[in-house]
Amino acid sequence: MRSAPPRPKGSAQLDRLRAKIRAIEPHALAAPQGAQPCRAPGELLHLQPGLHEICPAEYLDTPAALAVQTGFMAMHLRTSERRPPLVWVRPADGRGQDFGQPYPLALKAWGLKPDEVLLAEASDMADALWAMEEALRTGAWLIGEIGQASQYDLTRSKRLNLAARDCGGLALLLRSHLTASPSAALSRWRISARPSQAEAWRGATGLPGLGHPRYRAQLERVKGGPPADFDIEWRNAAFHVLKPAPLAQRAAQPDPIALSA
Amino acid sequence: MHTTTGGERLYAINAAAEAAGLQRGQAVADAKSLEPGLRTAPADPETDQRLLRAFARACGRWSPWCAPDPGPPGQDGILLDITGCARLFGGEERLIGEALGAAREQGLTAYAAAAPTLGLAWGLARFHAPQDPSGWVLSEDIRPSLHSLPVEALRIGETATQLRRFGLKTIGDIAGMPRANLVRRFGRDLLRRLDQARGDEEEVLDPLLPRTPYRARMRFPEALLLLDSLKQAVRETTHSLCAHLEADGLGLRRAELNLYRVDGKVHLIGLGTAAPARDGDHITRLLNEKLDRAEIDIGFGIDVVELRASATSPLGTQQDGLYDHKGVSEAGLAALTDRLVIRLGAERVQRATRRPSHIPERAAGWRDGGLASLPANTAETHHPPDRHPTDRPLLILTRPEPAEAVAEIPDGPPRSFTWRRIRHLVDKAEGPERLAPEWWRDRHSSHTRDYFRVETREGRRFWLYREGLFGLETRTPQWFVHGAS
């Protein structure tokens, strides 16, 4: 009899290693890598507890990205069993506040109760990151704006992710449109505004009115899944995935033949 | 020296000058002719008072009831109520000795006395203590020591001079006189002071620090020199204060940490909490953070640590560890708020607030949330009726920014606008929503605003307004961008 080949021994070692990792990080190896089923966009909108990043596609899309962030948070807060408090951490004194401050009267339309929000402004990024982690460790959920801070790196994001996951909380971070540095976030969304459906009956003189706000949501990366790209609409305090318009009615799309002519 | 109507005069003199025969109030020119080596400096009563106050503050280490007692030049004093304090220092003698030593270490000429009444101690310290080789006297008996004091010891100012004119030199001389006669000749004040010195009339000391029933303090024979040992002391003190509070069902709202330095300086660290707190570890953590931030100068060491609860409110007993680990209790959120406030600053931790106004930037905003739930503030929170508009932008500019807009008709929606040098084409618009200025608040220069919600060709949403009614209020209405979402 020949002795067992070294490969099974190695795989036993691998199994032991996997078991060890599973003990430390239960979610890390929940599903085997590579063979991920393509999930429906509607499912993708349900974020796992942990850290998620949201980036605007362009600088001018920053308010849109923040709106999607707020909407996401409201949707998940509503479905959570306990109503955790929400901490909103943003840099103070102008940096990253190009488009102003969150307006309490608008939070309601985005599904948040203004009374439940604790707004914390940090004078530097170290304080902001500290406040974010502190809030998550207490069990609060987090909306954070970090822009393109260099202090936010892989280690920092991992800490935030663990803090959020350990308490079953959701942390949504708004990053700048420029940054693409790696992080330990569970997913990264890139948001741009899309024209809404015109509501002719409520427009101002000579112009149609505004429909429900629409956004292009590009899921750039998600843990254990392929990227996705779809349009969403905020309606009745929830995001709805829009079906792609039938080819025949793509009025907004420029005609490639007409362009070349 | 100081300058009076009669020219420059001596304000206060030291012992050597007194020995040379100089007197207070003497003209400087006369004094210099008597003693050519005399060196003078301008008097600075304000600084004197400040120093006296600071020293009174430092006297808090011996008794919580202490007050500065400003007097004529060179006669300033500190009043201390040491009732019940002496045993902590090994007897009254040792307490007085220690206090006097501390004063002399600072280069002051100081005398002290302890007596059953404030008036008697005042007199003894000024008239008997300087004669005593030790510099202090202790009197248990009121009458004998009182009667041997000169009449000036009664704190009656000019009346003492009048008494002397009648040959009444000591208190004993007037003690036996008919009260009615004394009142008729010298006024009621004399009798009041006499009664106070004798203990027949109550005299209450007005303490420098507000009275706080809940205090915890630690005193160290060896001064603490390291921040770590100081933190440990703060920890012990906090826990002992919390035990007191718990026994009475109270929670801490505001606290003051007093650190008494060996050389007489006192560091004060204030603390406020978002909700009544009694968790020793939590409060210690807040205080430690403050200590780290304050970067206090420990100097030659800190030998007394005192924590005073300056505001408390009722707090029921709580059971620890029973609530769900993943849940956030009210206390947990309050504790988080406290920590954020300590690190970021009270004005940086905010909660939404609404005000009775329809001007958007006034109608709602953010205000200090850290201590907003203090009992004093809850009464004033006034909530306007809940009918605010729902179509406000998510982000609002604290200061509306001017934009250049093109509209088809003067009072129509903008067809395009340029904001921050970027041109946006408007595809959809709603409005106008007309908001008149608040006449009871605004000046005449403010105009009516017509708000429009617009969506650009790319789908970005902005909130613009045109200020001024065309033709009525202004000829050239100005456009502003006020929000985005």
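Conventions and cut-offs
Residues numbered from 1 in each chain as written. Chains lettered and ligands numbered in written order. Predicted model: local features only at pLDDT ≥ 70, side-chain atom pairs only at ≥ 80, totals over all residues. Helix = DSSP H or I, 4+ residues; strand = E, 2+ residues; numbered from the N terminus. Rg over C-alpha atoms; globule rule 2.2 N^0.38 Å. Buried ≥ 20, exposed ≤ 12 C-beta atoms within 10 Å, placed from the backbone. Contact = placed C-beta atoms within 7 Å. Nonpolar A, V, L, I, M, F, W, Y, C, P; charged D, E, K, R; others polar. Pairing = 2+ DSSP bridges. pLDDT = per-residue confidence, 0-100. Axes fitted to C-alpha atoms, helices over the stretch in contact; angles between N-to-C directions. Parallel < 35°, antiparallel > 145°, perpendicular 65-115°, else oblique. Left-handed = near helix turned anticlockwise from the far one by under 90°. Domains from an automatic or database assignment. Core = buried A, V, L, I, M, F, W, Y, C linked by C-beta atoms within 7 Å.

**Regarding the overall build of chain B**
Next up, step 1: Regarding its fold elements, chain B presents 15 helices and 18 strands.
Next up, step 2: Relative to the compact-globule value of 23 Å for 485 residues, chain B shows a C-alpha radius of gyration of 34 Å, a clear excess of over 25%.
Next up, step 3: Summarising its shape, the C-alpha atoms of chain B cover approximately 100 × 65 × 50 Å along the three principal directions.
Next up, step 4: Buried residues in chain B amount to 34% of all 485 residues.
Next up, step 5: Considering only contacts in chain B between residues 6 or more positions apart, those separated by 24 or more positions represent 53%.

**Description of the overall build of chain A**
Next up, step 1: When helices and strands are counted, chain A shows seven helices and 10 strands.
Next up, step 2: Looking at chain A residue by residue over its 261 residues, the buried ones come to 41%.

**Focus: the interface of chain B and chain A**
Next up, step 1: Facing the 52 residues of chain B at the interface are 55 residues of chain A.
Next up, step 2: Broken down by secondary-structure element, the contributors of at least two residues to the side of chain B that touches chain A are α13 (330–344), β11 (349–354), β12 (364–368), β13 (395–407), β15 (422–435), β16 (449–456) and β18 (478–484) of chain B.
Next up, step 3: Top element by residues in the side of chain B that touches chain A is α13 of chain B. It accounts for eight residues.
Next up, step 4: For the side of chain B that touches chain A, a count of residues per class yields 22 nonpolar, 13 polar and 17 charged.
Next up, step 5: Pairing of strand β3 (residues 101–102) of chain A with β13 of chain B involves two bridges; the strand directions are antiparallel.

**Re the confidence of the model for chain A**
Next up, step 1: Of the residues in chain A, 83% have a pLDDT of 70 or more, and the chain-wide mean is 82.
Next up, step 2: A low-confidence stretch, residues 252–261 of chain A (pLDDT under 50), is modelled with one contact involving residues beyond four sequence positions or located in other chains.

**Some remarks on the packing of helix α5 (residues 125–138) of chain A against helix α6 (residues 154–166) of chain A**
Geometrically, a packed helix pair is captured by the angle between its two axes and the distance between the axes.
Residue and element names in this part refer to chain A.
Next up, step 1: It is at 8 Å that the axes of α5 and α6 come closest, and there the two elements cross at 20°. Put simply, α5 runs roughly parallel to α6. Crossing geometry of α5 relative to α6 is assigned as left-handed. Every residue of α6 that contacts α5 at Leu129, Met132, Glu133, Leu136 and Arg137 is listed here: Arg156, Arg159, Leu160, Ala163 and Ala164.
Next up, step 2: Of the residues belonging to the contact of α5 with α6, the class tally is six nonpolar, no polar and four charged.

**Overview of the pairing of strand β2 (residues 86–91) of chain A**
All names here are of chain A.
Next up, step 1: Burial within β2 is extensive, with six of its six residues counted as buried.
Next up, step 2: Where β2 lies against strand β5 (residues 141–147), four bridges are found, and the strand directions are parallel. Paired with Leu86 across the strands is Trp141, a residue of β5.
Next up, step 3: The pairing of β2 with strand β4 (residues 117–122) spans six bridges and is classified as parallel. Looking at the pairing, Pro91 lines up with Ala122 of β4.

**Re the sheet that holds strand β10 (residues 302–314) of chain B**
Residues and elements named next belong to chain B.
Next up, step 1: Taken in spatial order, the four strands line up as β7-β10-β8-β9 in an open sheet, and their pairing is antiparallel. Each end of this open sheet is capped by a strand with a single partner; those strands are β7 (215–224) and β9 (266–277). With direction set aside, neighbouring strand axes in the sheet form an average angle of 15°.
Next up, step 2: Across the sheet, helix α11 (residues 227–247) touches β7, β8 (250–261) and β10, and the angle it forms with β7 is around 155°.
Next up, step 3: Sheet strands in contact with helix α12 (residues 280–294) are β8 and β9, and its direction is about 140° off that of β9.

**Focus: the domain arrangement of chain B**
Residue and element names in this part refer to chain B.
Next up, step 1: Looking at the assigned domains, one finds that chain B contains domain 1 (2–34), domain 2 (63–198), domain 3 (214–318 + 329–381) and domain 4 (395–484).
Next up, step 2: With centres defined by C-alpha atoms, the gap from domain 3 to domain 4 works out at 46 Å.
Next up, step 3: Across the boundary between the two partners, domain 3 contributes five residues, which contact five residues of domain 4.
Next up, step 4: Considered class by class, the residues forming the side of domain 3 that touches domain 4 number two nonpolar, two polar and one charged.

**A few points about the sheet that holds β12 of chain B**
To summarise the sheet geometry, strands pair through backbone hydrogen bonds and adopt either a parallel or an antiparallel arrangement.
Next up, step 1: Read from one edge of the open sheet, 11 strands run β10(A)-β9(A)-β8(A)-β7(A)-β1(A)-β6(A)-β5(A)-β2(A)-β4(A)-β11(B)-β12(B), paired in mixed fashion. Because the sheet does not close on itself, it has two edges, and the strands there are β10 (238–242) of chain A together with β12 of chain B. Between one strand and the next, the sheet's axes are offset by a mean angle of 30°, whatever the strand orientation.
Next up, step 2: Of the pairings in the sheet, the one linking strand β8 (residues 214–222) of chain A to strand β9 (residues 228–235) of chain A comprises six bridges and is antiparallel in character. Note on β9 of chain A: the bridge partner recorded for Leu219 of chain A is Ala228 of chain A.
Next up, step 3: Lying on the sheet, helix α3 (residues 62–79) of chain A is in contact with β1 (50–56), β2, β5, β6 (170–175), β7 (187–194), β8, β9 and β10 of chain A; it crosses β6 of chain A at an angle near 175°.
Next up, step 4: Where α5 of chain A meets the sheet, it contacts β2, β4, β5 and β6 of chain A, and its direction lies at approximately 170° from that of β2 of chain A.

**Some remarks on the nonpolar core**
Next up, step 1: Counting residues in hydrophobic clusters, the biggest one holds 162 residues, and the most contacted among them are Val89, Ala120, Leu136 and Leu142 of chain A together with Ala113 and Leu464 of chain B.
Next up, step 2: Per element, the largest residue contribution to this core is nine residues, and it comes from α3 of chain A.
Next up, step 3: Apart from the residues within four sequence positions on either side, Leu142 of chain A is in contact with Val87, Val89, Met132, Ala135, Leu136, Gly169, Ala171 and Leu172 of chain A.
Next up, step 4: The next biggest cluster of nonpolar side chains, apart from the first, holds five residues, and it includes Leu10, Tyr11, Ile13 and Ala31 of chain B.

**A few points about unusual backbone geometry**
Residue and element names in this part refer to chain B.
Next up, step 1: With omega at 0°, the peptide bond leading from Gly431 into Pro432 counts as cis.
Next up, step 2: Counting through the fold element by element, Pro432 comes out in strand β15.
Next up, step 3: Positive phi, close to 50°, is recorded for Arg420, a residue that is not glycine.
Next up, step 4: One can find Arg420 in the loop between β14 (414–419) and β15.

**Things to note about the pairing of β15 of chain B**
Residue and element names in this part refer to chain B.
Next up, step 1: Strand direction decides the pairing type here: β14 and β15, joined by four bridges, are antiparallel. Along β15, the bridge assignment pairs Phe417 with His424.
Next up, step 2: The turn linking β14 back onto β15 is made up of two residues, and Arg420 within it adopts a positive phi angle of 50°.
Next up, step 3: Taken together, the seven bridges between β15 and β16 define a ladder with antiparallel strand orientation.

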